[in-house]
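Residue strings, one per chain:
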Amino acid sequence: MIVSDFSVDECADQLACDGLRLNVGPFWCHIRSSLPLVASHIYQLYPDAIIDQDRAFVDFPIQISRKSGMRGWVKPLVEFTFNGNVPFTPLSLNQSPALTEWGINWCVSAHAHQYLILHAAAVEKNNKAIIMPAPSGSGKSTLCTALVARGWRLLSDELTMISIKNSMLQPLPKPMSLKNESIQVIQEFWPESVFGHVCTDTLKGSVAHVKPPTESVKRSSEEAKAAIVLFPQYQADAVLQLKSKEKAYAYMSLVENAFNYHLLGSHAFHALSSLVQQSDAYELTYSDLNDAISQLELLVS
Amino acid sequence: MTANKFKVLCGLLTGDCAAKDVSLAQWNLVVQQGRSTHVLSMLYYRLKQREQLLDVPKVVMWHLEAASIVSEKYLRDTRSEIKRFLPVFASLGVKFTLLKGAAYVISDKPCAKGRTFSDIDLLVPKENIDRLEAALQWHGWASSNQSAYDQRYYRDWMHEIPPLVHIKRHTVIDIHHTILPLTASLKPVASNLFAGLQEVEDGVWTLSDIDMLLHSATHLFMDTEFDHAFRDLLDFDGLIRDVLTREFDWQALLVRAREMDLIQPLYYALRYSRRMFNTPIPLDIVTSCEQEWAPMLTAGFMDVLFNRVIMPPHNSARLAGTALARKLLFIRGHYLRMPFGLLIRHLFHKAFISPNEKESSAA
């Protein structure tokens with residue numbers, strides 16, 4: 001069954017009682033939480049995720065709960081617990097959806113070392129995947145979401161996972177995370193999109209998540225082959241410009257954006273080398289999302 | 001021990017339990033407990049050695065493989081640090097001697113394959129420490145930022161100097177000159193340790209097998225913190241099993257423990273390793289330790305405390321009173337480390353003076 005087979009109340013009950021065993025990409029999360037905000041986040045943004053309440057083995061046991069203590073009376077805090085440990089500082093109650101997403105991302109990036117994990121978005125069309133590594137604020141998530149709005153398959157918005165065995169990209173189609181102005185940009189660009197709760201005043205400003213398309217979630221066990229490494233750069237009023245980049249530059253930039261390159265050692269070196277060998281690299285400066293998308297459609301046609 | 005909650009993890013680690021006999025639900029617990037006790041990578045190598053990796057269900061396997069990749073990184077980093085240390089030690093004529101995790105791993109103990117550790121622990125004769133510290137500074141190692149009080153605490157009273165941190169690589173080394181604080185009630189003689197050192201590879205030394213066992217027990221049962229107690233006890237179990245593959249004289253262990261004033265920690269290590277991991281330790285050895293040293297409070301009471309802290313720090317095995325047991329053992333550890341008067345003085349300083357010092361230095 002999938003999340004949307006439940007009613008929102010049933011979903012909340014399961015989360016609060018036994019926990020929800022939820023499939024996310026190649027992983028199974030066992031999420032417990034009695035917070036209504038977490039329940040509605042999962043109900044709205046993971047409707048297509050497979051649930052298996054009889055599943056005996058889960059990868060990530062997770063709990064999102066009110067932090068106990070007197071401070072909670074003044075300003076309620078929420079903490080993320082993984083396997084009995086609390087890996088980061090608690091956030092305010094209103095930010096619990098963001099905490100859930102960041103928490104799951106942390107579970108993956110801190111443990112799943114069978115993949116080389118990049119801080120990058122990845123989308124696919126015509127069997128050609130584009131990896132977009134980029135520092136926060138370069139418009140990577142906005143462009144990624146816009147491409148997905150136009151029918152590209154979402155592989156991942158935040159964590160690109162490269163198998164160290166064959167350099168293929170393993171999808172992790174979690175909700176796409178948008179910040180500040182890009183929230184409105186996407187709401188206008190993609191009116192049918194489903195947005196979750198807007199978490200204000202986080203470290204990154206306002207954060208909201210967008211539901212990934214059903215099709216992308218259904219195909220999450222289908223690996224994709226990287227064809228392009230793209231460095232997007234949003235610049236107001238810029239004329240669209242696509243510049244070819246050297247492979248060495250692409251390699252080093254991917255290393256800079258990797259979570260576990262040094263940890264994986266030669267595994268990472270080999271996986272990344274063959275990925276860069278098989279891909280072209282470009283820098284794309286754009287101001288208009290439609291122009292950028294037409295350009296990228298051409299590249300994968 | 002209250003053990004059945006993590007019997008499977010222990011059994012898989014020691015070989016009492018075969019991977020093919022473990023259900024998925026049990027694997028679920030094994031992976032969670034193994035992660036919180038930092039033994040997943042050790043489990044990977046032990047199953048590999050017993051040719052049981054094929055019996056591990058596919059959904060479980062990545063957890064073990066990923067953990068083994070992390071442990072490869074530890075080994076790589078340690079090796080490259082050792083390469084940098086060796087010329088410095090050679091130029092001073094000081095033996096490069098590893099302790100604890102790094103020692104087990106570098107001396108290729110089968111039980112330590114996949115063992116991870118956060119710091120590299122070294123043993124150096126006290127009279128060489130100043131020269132060594134000065135030399136290491138030229139290679140980028142600096143004392144971690146400590147207050148004047150902390151410097152004194154370490155240098156006058158402890159068995160190690162404040163940790164040295166490399167300014168670029170941020171690696172941490174702990175340099176010890178003996179294995180218990182100078183102020184501790186038990187008084188092992190450091191010079192005894194140096195006499196028995198063994199060279200495990202070119203220029204790299206460790207304690208003798210027996211001293212390694214005693215140190216493993218001492219480090220675990222005389223300490224104030226028990227975050228890694230399960231893994232430390234697993235080390236002890238592995239070291240025992242390792243010496244038993246060769247000719248081993250149990251009496252020699254007791255003689256050495258007496259000589260080093262370490263019967264007490266040895267007693268606890270033997271007792272709990274046997275109960276937790278079924279370590280093949282003859283009962284009469286435990287009994288003769290017990291006759292020479294029995295706890296002031298009853299063994300039953302100490303069991304209540306140690307059972308709680310040796311358990312994996314994981315919800316599945318949490319017993320009521322775990323937090324209290326940790327606190328009591330924290331106090332016990334301090335009491336064993338320092339005479340009462342000095343302890344009061346130390347705790348007073350930590351509670352009332354150190355916080356103010358931090359504030360004034362921050363201002």
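Residues numbered from 1 in each chain as written. Chains lettered and ligands numbered in written order. Predicted model: local features only at pLDDT ≥ 70, side-chain atom pairs only at ≥ 80, totals over all residues. Heavy atoms only, no water.

- Identification of chain B as Nucleotidyltransferase family protein from Neptunomonas japonica JAMM 1380 is taken from an unreviewed UniProt entry.

- The name an unreviewed UniProt entry assigns to chain A is HprK-related kinase A, from the organism Neptunomonas japonica JAMM 1380.

**Observations concerning the overall build of chain A**
And then number 1: Of the regular secondary structure elements, chain A holds 11 helices and 16 strands.
And then number 2: For 301 residues, the compact-globule estimate of 2.2 N^0.38 gives 19 Å, and the C-alpha radius of gyration of chain A, at 19 Å, lies within 12% of that figure.
And then number 3: For the C-alpha atoms alone, the extent of chain A along its principal axes is close to 55 × 40 × 35 Å.
And then number 4: For chain A, the proportion of its 301 residues judged to be buried stands at 58%.
And then number 5: The long-range share in chain A, meaning contacts at least 24 apart out of those at least 6 apart in sequence, stands at 70%.
And then number 6: Just so you have it, chain A exposes about 12500 Å², and 51% of that area is on carbon and sulfur atoms.
And then number 7: Charge separation in chain A, taken as the distance between the mean sites of 23 positive and 29 negative side-chain charges, equals 5 Å. (Helix = DSSP H or I, 4+ residues; strand = E, 2+ residues; numbered from the N terminus. Rg over C-alpha atoms; globule rule 2.2 N^0.38 Å. Buried < 20%, exposed > 50% of the residue type's maximum accessible area, 1.4 Å probe, protein only. Contact = heavy atoms within 4.5 Å. Areas by Shrake-Rupley, 256 points an atom, 1.4 Å probe, with all protein chains shown as cover. Lys, Arg positive; Asp, Glu negative; His and termini not counted. Charge placed at Lys NZ, Arg CZ, Asp CG, Glu CD.)

**Section: the state of the cysteines**
All names here are of chain A.
And then number 1: Taken as a whole, this structure holds zero disulfides over all chains when the rule is applied.
And then number 2: Here cysteine 11 stays free of any disulfide, with the sulfur of cysteine 17 as its closest cysteine sulfur at 12 Å.
And then number 3: Between cysteine 107, a cysteine without a disulfide, and cysteine 29, which holds the nearest cysteine sulfur, the sulfur-to-sulfur distance is 6.5 Å. (Disulfide = S-S within 2.5 Å.)

**So, the pattern of salt bridges**
All names here are of chain A.
And then number 1: One pass over the full model with this rule turns up 26 salt bridges over all chains.
And then number 2: Between glutamate 101 and lysine 174 there is a salt bridge, with the nearest N and O atoms lying 2.8 Å from each other. Of this pair, glutamate 101 sits in helix H4 (residues 96–111) while lysine 174 sits in the loop between strand S10 (169–170) and strand S11 (176–179), placing them 73 residues apart in sequence.
And then number 3: Here lysine 174 falls in the buried class, since its relative accessible area comes to 5%.
And then number 4: Within this structure, Glu124, Arg153, Glu215, Arg219 and Glu222 form a network of salt bridges that share partners. (Salt bridge = Lys/Arg side-chain N within 4 Å of Asp/Glu carboxyl O.)

**Remarks on the packing of helix H8 (residues 247–256) of chain A against helix H10 (residues 266–277) of chain A**
Residue and element names in this part refer to chain A.
And then number 1: Interaxial distance between H8 and H10 falls to 10 Å at its minimum, and their mutual angle equals 140°. Looking at the two axes, H8 sits oblique to H10. Crossing angle aside, the handedness with which H8 passes H10 is right-handed. Judged by residue contacts, Lys247, Tyr251, Leu254 and Val255 of H8 engage Phe269, Leu272, Ser273, Leu275, Val276 and Gln277 from H10. (Axes fitted to C-alpha atoms, helices over the stretch in contact; angles between N-to-C directions. Parallel < 35°, antiparallel > 145°, perpendicular 65-115°, else oblique. Left-handed = near helix turned anticlockwise from the far one by under 90°.)

**Side note on the nonpolar core**
And then number 1: Core analysis: the biggest nonpolar cluster contains 112 residues, and Leu12, Trp27, Leu98, Leu270 and Phe306 of chain B have the highest contact counts within it.
And then number 2: Phenylalanine 306 of chain B has contacts with Phe221, Phe226, Tyr268, Tyr272, Leu329 and Arg332 of chain B, leaving out every residue within four places of it along the chain.
And then number 3: Ranked by size, the runner-up nonpolar core spans 37 residues in total, among them Leu15, Leu20, Ile42 and Leu91 of chain A. (Core = buried A, V, L, I, M, F, W, Y, C linked by side-chain atoms within 4.5 Å.)

**Some thoughts on the sheet that holds strand S3 (residues 60–66) of chain A**
All names here are of chain A.
And then number 1: The five strands are arranged S1-S2-S3-S4-S5 in an open sheet whose pairing can be described as mixed. Strands at the two margins of the open sheet, each flanked by one partner only, are strand S1 (20–24) and strand S5 (91–92).
And then number 2: In this structure, strand S2 (residues 27–33) lies alongside S3, joined through five bridges in parallel fashion. Following the sheet pairing, arginine 32 is matched in S3 by glutamine 63.
And then number 3: Packing against the sheet, H4 makes contact with S2, S3, strand S4 (77–82) and S5, and its axis sits at approximately 25° to S4. (Pairing = 2+ DSSP bridges.)

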